[in-house]
Amino acid sequence: RSSDLDQNSYPDIAVGSLSDTVAVFRSRNVINVIKRVHLTPTRIDLNKKNCGAPSGICLSVEACFLYTAVPKDFNSVITIAYTLEAEAERKKQGLLPRVKFVDAADNELSGTMSLRGQNQEQCVFPKLELQDAIKDKLRPITVSVEVAIQDSRRGKRQVGSLPELVPVLNLNDPNIRPVL
C-alpha cells in the first residue's frame, strides 16, 4: 500500500516483514528544467567588426534556465550543472567549429548555477568569437544546452524528520535542445 510519508505529493512505499523490519521507499520530486538560448546578432555581417577577436566578429549568448515541479509549492533551491556547446553537429561530423567561447579554450562552456525556486529564471551571458577565415558562411551557428541536477548534500537534519531528497529531472523532457 502506498501513501505520501513526506508530503511531497508523490507516493511512498513502506514494506514490512515478519522479522519486525520495515523498509521505506520514498519518491523524489520530478522537475522540468526549461532552457532558453538566444544568440545576437541573429545575422552576421562579416564586414562589420564588433570585437577584438582575430576575425573581429563576436556573438552574445543569453542562456536562461528555470524549473517547474509538482506540487506547485515545491520551491527548493536546485543547483544545476549546465554545458553549452556551439556547433555540436559539426564536431560530430569531424568538422571544426566556426566559433569558440571567449571564456573557454574551445566550443564548450560549463558551469553551475542555483535556481532559487519554481519559475525563477537565472541567466548566463557568455560571448562567442567567430574563428578567422571560415569557409561555411551559409549554415546557421547552433548552440545546444545540456543540464543535470547537482547533488547538493544538506547539512544536519532535525531528529525525527526525514532527510530532504534531491529531485530528479523529468526523463520525458529533452535535455539537449539546439537553438538557431
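The following refers to the structure shown. None of these values were measured; they are calculated from a predicted model.

Here the focus is the nonpolar core. Residues Ile31, Phe65, Tyr67, Leu84, Phe101, Leu128 and Val147 are the most contacted members of the largest nonpolar core, which totals 34 residues. Listing elements by their share of this core, those giving two or more residues are β4 (30–40), β5 (58–69), β6 (78–86), β7 (99–101), β8 (108–115), β10 (127–130) and β11 (143–149). The element contributing the most residues to this core is β5, with six residues. Excluding residues that lie within four positions of it along the chain, Leu128 makes contacts with Leu39, Ile57, Cys58, Leu59, Val61, Ala86, Val99, Lys100, Phe101, Val102 and Val143.

What follows is about the side chain of Asn29. In this structure, Asn29 sits in the loop between β3 (22–25) and β4. One polar contact links Asn29 to Asn8, side chain to side chain, over a distance of 3.3 Å. Each residue touching Asn29, except ones within four places of it in the same chain, is listed here: Asn8, Tyr10, Val70, Pro71, Phe74, Pro167 and Val168.

With that settled, consider the sheet that holds β8. In space, the three strands of this open sheet follow the order β8-β6-β11, with antiparallel pairing throughout. Whereas interior strands pair on both sides, the edge strands pair on one side only; in this sheet they are β8 and β11. Across this sheet, the average inter-strand angle for adjacent strands is 25°, counted without regard to direction. Two elements, β6 and β11, share seven bridges in a ladder whose sense is antiparallel.

Nonpolar side chains collect at one region of the surface, where Leu5, Val22, Val24 and Leu162 lie side by side and expose about 350 Å² of accessible area between them. Mapped onto the elements, Leu162 comes out in the loop between β11 and β12 (168–169). A residue is classified by how much of its surface remains accessible, and Leu162, at 44% relative accessible area, is partly exposed.

A few words on the pattern of salt bridges. Going through the model one piece at a time under the given rule, you end up with nine salt bridges. A salt bridge links Arg26 to Asp6, with the shortest nitrogen-to-oxygen separation between them at 3.0 Å. Of this pair, Arg26 sits in the loop between β3 and β4 while Asp6 sits in the loop between β1 (2–3) and β2 (12–16), and the two are 20 residues apart along the sequence. You can call Arg26 partly exposed: its relative accessible area is 21%.

Definitions and cut-offs
Residues numbered from 1 in each chain as written. Predicted model: local features only at pLDDT ≥ 70, side-chain atom pairs only at ≥ 80, totals over all residues. Heavy atoms only, no water. Core = buried A, V, L, I, M, F, W, Y, C linked by side-chain atoms within 4.5 Å. Buried < 20%, exposed > 50% of the residue type's maximum accessible area, 1.4 Å probe, protein only. Helix = DSSP H or I, 4+ residues; strand = E, 2+ residues; numbered from the N terminus. Contact = heavy atoms within 4.5 Å. Polar contact = N/O pair within 3.5 Å; in protein donor to acceptor, adjacent residues only side chain to side chain. Pairing = 2+ DSSP bridges. Axes fitted to C-alpha atoms, helices over the stretch in contact; angles between N-to-C directions. Patch = residues over 30% accessible without salt bridge, like charges linked within 9 Å, V, L, I, M, F, W, Y side chains within 5 Å. Areas by Shrake-Rupley, 256 points an atom, 1.4 Å probe, with all protein chains shown as cover. Salt bridge = Lys/Arg side-chain N within 4 Å of Asp/Glu carboxyl O.

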